[in-house]
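Secondary and tertiary structure notes
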Number of protein chains: 2
Amino acid sequence: MKSLTGIRVLDLSRVLAGPYCTMMLADHGAEIIKVELPGTGDDSRAFTPMIEGESVYFANINRGKKSITLNLKSPDAKEVIKKLVAKSDVVVENFRPGTMEKLKLGYDVLKGINPKIIYACGSGYGHSGPWTSKPAYDLVIQALSGFMSITGQENSIPTKAGPSIMDILTGIFLYAGITTALYAREKTGLGQKVDVAMLDCGVAVLENALMRYTTTGEVPLRIGNRHSSITPFESFKAKDDYFVIACGNDNLFFKMCEVLEREDIKNDRRFATNELRTRNQKVLFILLRKIFEEKTVNEWVSILDAAGIPVAPIITVDKLLDNPQLKARNMLLDMNHPVIGKMKITGTPIKLEKTPGDISSPAPSLGQHTEEVLKNILNIDDSMISYWKKNGVL
Amino acid sequence: MKSLTGIRVLDLSRVLAGPYCTMMLADHGAEIIKVELPGTGDDSRAFTPMIEGESVYFANINRGKKSITLNLKSPDAKEVIKKLVAKSDVVVENFRPGTMEKLKLGYDVLKGINPKIIYACGSGYGHSGPWTSKPAYDLVIQALSGFMSITGQENSIPTKAGPSIMDILTGIFLYAGITTALYAREKTGLGQKVDVAMLDCGVAVLENALMRYTTTGEVPLRIGNRHSSITPFESFKAKDDYFVIACGNDNLFFKMCEVLEREDIKNDRRFATNELRTRNQKVLFILLRKIFEEKTVNEWVSILDAAGIPVAPIITVDKLLDNPQLKARNMLLDMNHPVIGKMKITGTPIKLEKTPGDISSPAPSLGQHTEEVLKNILNIDDSMISYWKKNGVL
């Protein structure tokens, strides 16, 4: 048994934030009925990289889901949605706020059909407030949340995180909101709306930046790879490439000096405490840069790692596949997709002992489960299904 | 009532990942008993910024918790822990794996005391696999997960996210794992171990980078602020500063060209589809850069925003406080801390309709609730408490 076995999710979401959330729900055992537009389906079915005309992007985050096609503008399709809501536990959508209301499928309608429904919506700015209907994309939220202003090298322009981290954070917080609401429903018997905004998520992960400003009046800006208050916490260039070290306390720093055979640095009063090292980091970094350019990344990593100093090469994505820890943790799984063939997908980072998640099946083709879902869950017969197919409902 | 009202959490975690998780649990109604080392407490009590000797960093992520002091090396303190485990629902810790076993307080011991306990652990590499006992810090995981290799400007060195995003992701996934396990416990009656590793989390949020490599053989590297397959999705320099635009589809691009009064660009065959724009982005960006340097960020944002084009200034942290949407969403709250005074804290991004989270109380002083917890939960009397205080147990 998985944690969410028996939970049925009607998934109206598209592209990334919503589908990432329902991927997590699927990994932990929920039945996901993904509703897609007849003909084209989820926009991300067209996202590169592609193999044999199938998006590998789509295939990763839609594993373990069922796909049905429904044209939500058709009155018959709306009735199907309502019947599915009556037999579901959770609805997930990431339309622009107001879209579901325009379709006459807003939360007020759906909770009238099923008062126990958990209605989970991810959006740029949330379902309340003056900006609710503004358009948003990951890059816009990375800019608006302050995240970009504090990411980047010291002399560089504001920099986005490489991955669409705001979409993904929204997906994770939405999953967390749904499981919280599922637990609450066990206690209260009631469903509810779970409203997660990308902008809120962006601000919630700023760590100490906002505190730093409100406390000191200084506006935190880009400081590259170093830490604002722990030194040395920085990337350095070795003979061949860059690597990072993170001396989180005095002992680690002194130990590192010993390993580097630099008693002079260890005993230098300017570096005696973390506070002093942070204040005198420019001098310290000049000394360390000179030392580190003498050997290769591999040499430094093995020397420092053996001494227990937190050190790491800056890994490119191809090297991840060789990581023995990720293999041991089932984070890089092989999946057989009927069209793509054998592909690598990322596992779930939530490792549960007794009700563990896993990947139950590859991503569905468009509408692969339309008949199965309509027949088995709603008892709709073949003739109606073929009538709807002819008329653009499915 | 909040979602997690009635849930008691024994919180042995320190610094960021674990405390971020228990902050979320506290915001949603759980009772958090934070166990700290007598004398110094959680390391992050010493983290800047400080006001009146109190860490504002600590005060933000430890709001709503109770603090008790316990020296875990003392046999009496171990007995107190065991008695508290018997009366708790969840244990959270983020020690290096093996530490709890060395203290004779490992999961095997604790589940013997309370089979319904959910034992949630956050660590660098997880509680299994060959790297389990290696040291990790956020920067090390940003390097090892591939995240840094794909973050940064095109000609820049690999770049970390400004916030300690790996710690924070681990905290959020750990929260999600705990709520998942709480729900599962309602169904199975059983507690279990929830094991979340920073490295696993880092890989789980890479989005399409890993897929891109395994599919095409190309190693994704840094591409600055643009998108690998959607154009224009980029930052531009206006007369005074940088801003971003995100044209997620053809219509948005054509509309933008109209607003810019550049029919020539709109009708240019090189830019007719997203695929063509991505292939010809260098030419397109040269044209757009020339246009955008003509007006200020404020001018461009108001012109493009009015036309529904996703656009945003790159906000510095000080400007967040003026954001009307964040205010309307209760994401910037005022809290009165007994020492710090009035301070801004970030609200919860999980907005629940019926059992909403909120901030119940400021962060505790060190050991503020030791007597309350020992007396009320464990019925330990005053004389024992003062004996323990004298003897370094508390």
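Residues numbered from 1 in each chain as written. Chains lettered and ligands numbered in written order. Predicted model: local features only at pLDDT ≥ 70, side-chain atom pairs only at ≥ 80, totals over all residues.

**Section: the overall build of chain A**
Our working rule: Helix and strand definitions follow DSSP, with helices as H or I runs of at least four residues and strands as E runs of at least two, each counted in order from the N terminus. Neighbour density around each residue's C-beta defines its exposure: 20 or more other C-beta atoms within 10 Å make it buried, 12 or fewer make it exposed, and counts between make it partly exposed, where C-beta atoms are placed from the backbone. By the convention adopted here, residues are in contact when the distance between their C-beta atoms, placed from the backbone, does not exceed 7 Å.
Secondary structure assignment for chain A yields 17 helices and 14 strands. With the C-alpha coordinates aligned to their principal axes, the bounding extent of chain A is approximately 85 × 50 × 40 Å. Put simply, chain A has 394 residues, and 55% of those count as buried. A fraction of 69% describes how many contacts in chain A between residues 6 or more apart in sequence connect residues 24 or more apart.

**Focus on the relation of the copies chain B and chain A**
Basically, it comes down to this: To line up the copies, we fit them by least squares on C-alpha atoms, keeping just the residues with pLDDT of at least 70 in both.
Turning chain B through 180 degrees and shifting it by 0.0 Å along the axis lays it on chain A, with an RMSD of 0.0 Å. When the rotation and shift are considered jointly, the pair of chain copies conforms to a two-fold rotation axis. A symmetric contact is evident, with 100% of the interface residues of chain B recurring at the interface of chain A.

**As for helix α3 (residues 75-86) of chain B**
This is how it is decided: Any helix carries an expected span of 1.5 Å times its number of residues minus one.
Along its twelve residues, α3(B) runs 17 Å from first to last C-alpha, staying within 8% of the 16 Å computed at 1.5 Å per residue. Contact partners of the buried residues in α3(B): β1 (8-11), β2 (31-36), β6 (90-93) and α5 (107-113) of chain B.

**Concerning the packing of helix α1 (residues 17-27) of chain B against helix α7 (residues 165-188) of chain B**
Residue and element names in this part refer to chain B. Put simply, the rule reads: All axes are obtained by fitting lines to C-alpha atoms, using only the stretch in contact for helices, and the reported angles, taken between N-to-C directions, cover 0 to 180 degrees. To sort the angles, those under 35 degrees are grouped as roughly parallel, those over 145 as roughly antiparallel, those from 65 to 115 as roughly perpendicular, and the leftovers as oblique. Crossings are classed by handedness, with left-handed meaning an anticlockwise turn of the near helix from the far one by less than a right angle and right-handed meaning a clockwise turn. When residue character is reported, Ala, Val, Leu, Ile, Met, Phe, Trp, Tyr, Cys and Pro are called nonpolar, Asp, Glu, Lys and Arg charged, and the others, Gly included, polar.
Two elements in contact, α1 and α7, have axes separated by 7 Å at closest approach and are oriented at 45 degrees. With respect to α7, the element α1 is oriented oblique. Between α1 and α7 lies a crossing of right-handed hand. Across from A17, G18, Y20, C21, M24 and L25 in α1, the residues of α7 making contact are D167, I168, T170, G171, L174, Y175 and I178. For the contact of α1 with α7, the class distribution of residues is nine nonpolar, three polar and one charged.

**Examining the interface of chain B and chain A**
Spelled out, the test is: Two strands form a pair only when DSSP identifies at least two bridges running between them.
Contact with chain B, which involves 114 residues of that partner, is made by 114 residues of chain A. Of the residues forming the side of chain B that touches chain A, the biggest block, 15 residues, is contributed by α7(B). Taken together, the residues of the side of chain B that touches chain A break down into 67 nonpolar, 34 polar and 13 charged. Bridging between strand β14 (residues 351-352) of chain A and strand β8 (residues 193-197) of chain B involves two bridges; their strand directions are antiparallel. Along β8(B), the bridge assignment pairs A:K351 with B:D195.

**Digging into the sheet that holds strand β2 (residues 31-36) of chain A**
If you trace the seven strands from one edge of the open sheet to the other, you get β5(A)-β2(A)-β1(A)-β6(A)-β7(A)-β8(A)-β14(B), paired in mixed fashion. Each having just a single partner strand, β5 (66-69) of chain A together with β14 (351-352) of chain B make up the two edges of the open sheet. Across three bridges, the pairing between strand β1 (residues 8-11) of chain A and strand β6 (residues 90-93) of chain A is parallel. Following the sheet pairing, A:V9 is matched in β6(A) by A:V90. Against the sheet, helix α7 (residues 165-188) of chain A touches β6, β7 (118-123) and β8 (193-197) of chain A together with β14 of chain B, its axis set at about 165 degrees to β7(A).

**With respect to the sheet that holds strand β11 (residues 311-313) of chain A**
All names here are of chain A. Spatially, three strands are ordered β9-β10-β11 in an open sheet, and the strand pairing comes out antiparallel. Each having just a single partner strand, β9 (233-237) and β11 make up the two edges of the open sheet. Averaged over all pairs of adjacent strands, the angle between strand axes in this sheet comes to 25 degrees, irrespective of strand direction. Two elements, strand β10 (residues 242-246) and β11, share three bridges in a ladder whose sense is antiparallel. Looking at β11, one finds that F243 is bridged to P313. Against the sheet, helix α14 (residues 297-306) engages β10 and β11, with an angle of about 155 degrees to β11.

**A word on helix α13 (residues 281-292) of chain B**
Residue and element names in this part refer to chain B. To be explicit about the condition: In this context, the arc is that of the directions from the helix axis out to the C-beta atoms.
Between its first and last C-alpha atoms α13 spans 16 Å; for twelve residues at 1.5 Å apiece the expected length is 16 Å, and the two agree. All of the buried residues along α13 are L284, L288 and F292. All buried residues of α13 fall inside an arc of 60 degrees around its axis, so they share one side. Turned more than 90 degrees away from the buried face of α13, the exposed residues are K282, I286, R289 and K290. In this fold, the buried residues of α13 make contact with β9 (233-237), α12 (274-279) and α14 (297-306).

**Focus on the domain arrangement of chain A**
Cut-off, in case you're wondering: Domains are outlined according to an automatic or database domain assignment.
The domains assigned to chain A are domain 1 (8-205 + 325-390) and domain 2 (233-237 + 242-313). Relative to domain 2 of chain A, the C-alpha centre of domain 1 of chain A lies at a distance of 44 Å.

**Focus on the environment of A:L206**
The residue A:L206 is located in the loop between α8 (198-204) and α9 (209-216) in this model. Setting aside residues up to four positions removed in sequence, A:L206 forms contacts with A:G146, A:F147 and B:P163.

**Side note on the pairing of β6(A)**
Side-chain positions along a regular strand alternate between the two faces of the sheet. All names here are of chain A. Judged by which residues are buried, β6 turns out to be covered on both faces: V90 and V92 on one side and V91 and E93 on the other are all buried. As paired elements, β6 and β7 share four bridges and run parallel to each other. Opposite V90, over in β7, you have I118 as the bridge partner.

**Section: the environment of A:F254**
Relative to the assigned elements, A:F254 resides in helix α10 (residues 250-259). Each C-alpha atom of the pair A:F254 and A:D138 lies 42 Å from the other, and the pair is 116 residues apart in sequence.

**Concerning the confidence of the model for chain A**
Put simply, the rule reads: In predicted models, pLDDT denotes the confidence assigned by the predictor to each residue on a 0 to 100 scale.
A residue-level look at chain A finds 100% of positions with pLDDT of 70 or above and a mean pLDDT of 96. Interface confidence in the predicted complex, given as ipTM, is 0.98; pTM for the same model is 0.98.

**With respect to unusual backbone geometry**
Between B:T48 and the following residue, B:P49, the backbone shows a cis peptide bond with an omega angle of -5 degrees. Mapped onto the secondary structure, B:P49 falls in the loop between β2 and β3 (50-51). A cis amide bond links B:T231 with the next residue in sequence, B:P232, at an omega value of -5 degrees. Inspection of the secondary structure assignment puts B:P232 in the loop between α9 (209-216) and β9. Even without being a glycine, A:E52 presents a positive backbone phi close to 55 degrees. The topology assignment puts A:E52 in the loop between β3 (50-51) and β4 (54-55). At B:E261, a residue that is not glycine, the phi angle is positive and equals roughly 55 degrees. With respect to the element layout, B:E261 can be found in the loop between α10 (250-259) and α11 (263-266).

**A look at the pairing of β7(A)**
Residues and elements named next belong to chain A. Here β7 lies mainly inside the structure; six of its six residues are buried. Burial of the side chains of β7 extends over both faces: I118, A120 and G122 are buried on one face and Y119, C121 and S123 on the other. The sheet contact formed by β7 and β8 spans five bridges and is parallel. What sits directly across from C121, in β8, is D195.

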